[in-house]
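A closer look at the structure
Each chain, written out:
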Amino acid sequence: GQQERSLGSSLFSHTSNRNASVAQGKEQRQVVSTQRLEMSLAERLKLKQATVSRSSNENEKQNANVSRLSSGAEGVGRDSREDLTRRKTVQLSNMKVESSNEVEHSSTRTSEKDVRRPEPSPRMMNTTVCTPRSVASRNLGKLVVLVDSREIASSQQIVSSLRFHHDINAVVCQLGSCDYLLSNRMGVERKTLSDFCNSTNREKLVQRVQELCELFDKPCLVVEKDRIKPGMEPKKARTPTKYHSSVLAALAHTSVTVLFTDTQEQTASLLSELARLEQRKGNCVQGSPEVGPEG
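Computed from a predicted model, the values in this text were never measured in an experiment.

**Some remarks on the nonpolar core**
Formed by 22 residues in total, the largest nonpolar core has its most connected members in Leu162, Tyr180, Leu182, Val188 and Leu271. Going through the elements one at a time, strand S1 (143-148), helix H4 (156-164), strand S2 (168-173), strand S5 (220-224) and helix H8 (264-280) are the ones with two or more residues in this core. Not counting residues within four places of it along the chain, the set of residues in contact with Val188 comprises Cys178, Asp179, Tyr180, Leu182, Cys220, Val222 and Leu271.

**Quick notes on the environment of Ala170**
Following the sequence through the fold, Ala170 ends up in strand S2. Spatially, the C-alpha atom of Ala170 lies 9.6 Å from that of Ile158, the residues being 12 residues apart in sequence. Beyond its immediate stretch of four places on either side in the chain, Ala170 contacts Val145, Val147, Val159, Leu162 and Arg163.

**Remarks on the side chain of Thr261**
Its location among the elements puts Thr261 in strand S6 (residues 257-261). Once residues within four sequence positions are removed from consideration, Thr261 is found in contact with Val222, Val223, Glu224, Lys225, Gln266, Thr267 and Leu270.

**Describing the packing of H4 against H8**
Across the interface, H4 lies against H8 with an axial gap of 9 Å and an inter-helix angle of 45 degrees. Here H4 is positioned oblique relative to H8, judged by the angle of their axes. Of the two possible hands of crossing, H4 and H8 adopt the one that is right-handed. Within the contact between the two elements, H4 uses Gln156, Gln157, Ile158, Ser161 and Leu162 and H8 uses Gln264, Glu265, Thr267, Ala268, Leu271 and Ser272.

**With respect to the confidence of the model for the protein chain**
Scored by pLDDT, the protein chain comes out at a mean of 77, with 71% of its residues at no less than 70. In this model residues 290-295 is a low-confidence stretch, pLDDT under 50, and it forms 12 contacts with partners more than four residues away in sequence or in other chains.

**Let's talk about the pairing of strand S4 (residues 187-192)**
By the criterion of burial, S4 is predominantly enclosed, with 5 of the 6 residues buried. By the bridge criterion, 2 bridges tie strand S3 (residues 180-181) to S4 in an arrangement that is antiparallel. When the bridges of S4 are listed, Leu181 appears paired with Gly187. The turn linking S3 back onto S4 is made up of 5 residues.

**Side note on the sheet that holds S1**
Sheet strands line up and pair through hydrogen bonds in the backbone, either parallel or antiparallel. Ordered by their spatial adjacency, 6 strands build an open sheet running S2-S1-S3-S4-S5-S6, and the pairing between neighbours is mixed. Two strands lie at the open edges of the sheet, namely S2 and S6, each paired on one side alone. Bridge analysis of S5 against S6 gives 5 bridges, and the strand direction is parallel. Looking at the pairing, Val222 lines up with Leu259 of S6.

What counts and how
Residues numbered from 1 in each chain as written. Predicted model: local features only at pLDDT ≥ 70, side-chain atom pairs only at ≥ 80, totals over all residues. Heavy atoms only, no water. Core = buried A, V, L, I, M, F, W, Y, C linked by side-chain atoms within 4.5 Å. Buried < 20%, exposed > 50% of the residue type's maximum accessible area, 1.4 Å probe, protein only. Helix = DSSP H or I, 4+ residues; strand = E, 2+ residues; numbered from the N terminus. Contact = heavy atoms within 4.5 Å. Axes fitted to C-alpha atoms, helices over the stretch in contact; angles between N-to-C directions. Parallel < 35°, antiparallel > 145°, perpendicular 65-115°, else oblique. Left-handed = near helix turned anticlockwise from the far one by under 90°. pLDDT = per-residue confidence, 0-100. Pairing = 2+ DSSP bridges.

Written as structure tokens, this is what we have:
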């Protein structure tokens, strides 16, 4: 019985010692693990601090480089501006020097010409210098026809033909009553055949004819064929329409004389003949109006 008790006590002490050693080992392991965790956390913090410091240093370096570059660019810009101003000043000074040299050369040339200029001979002293006559002197004594300024755009050939082919002083001015004033009693209105045959222009034509009859003793209406543009085929002869015949019948009951022409040259020759007929009757435009020729 004593042996069993001693064996039990020895077993109990052995198990207790084992449990104690196991507990100690666990505690030691826990301490080691905690130490490792603390070490890993500290190392992580140190690594983070190192990376933050590195990034801050790199940012500072980049900012310093940018500032250096900007300062260098400003310096280069200032230098380029200063160079440009210097070049401009140099160019201006060179131009001034060249202009002064040119003036000196021109003055010397003129002086040489003055020196080389020969003395006038007796023949040259006796000759008279003929100057071209002015426009007013050339138009003195010519028959005057007043032309409305609105006719210049569409009848340039008529005005030039009156001046150069028929020896008439065609004076361009503003005429509200007619297109051509041939005398103090005759006013002429010019219409193209397309405008005359167009029914949409009836009111304007009636109003214009009424104004002519009220203002002039011998009103005249010239109907001119449309001008054929280059490259276009001539149109066929127009057949008289009811509107055309009705307008002619209405004009026959007025004091308006209706005349037909084919071209602007024929219109110019017709105007010249009518103006000279009025001149022979003593009803031409008196005096030479002080209006310069236009067109």
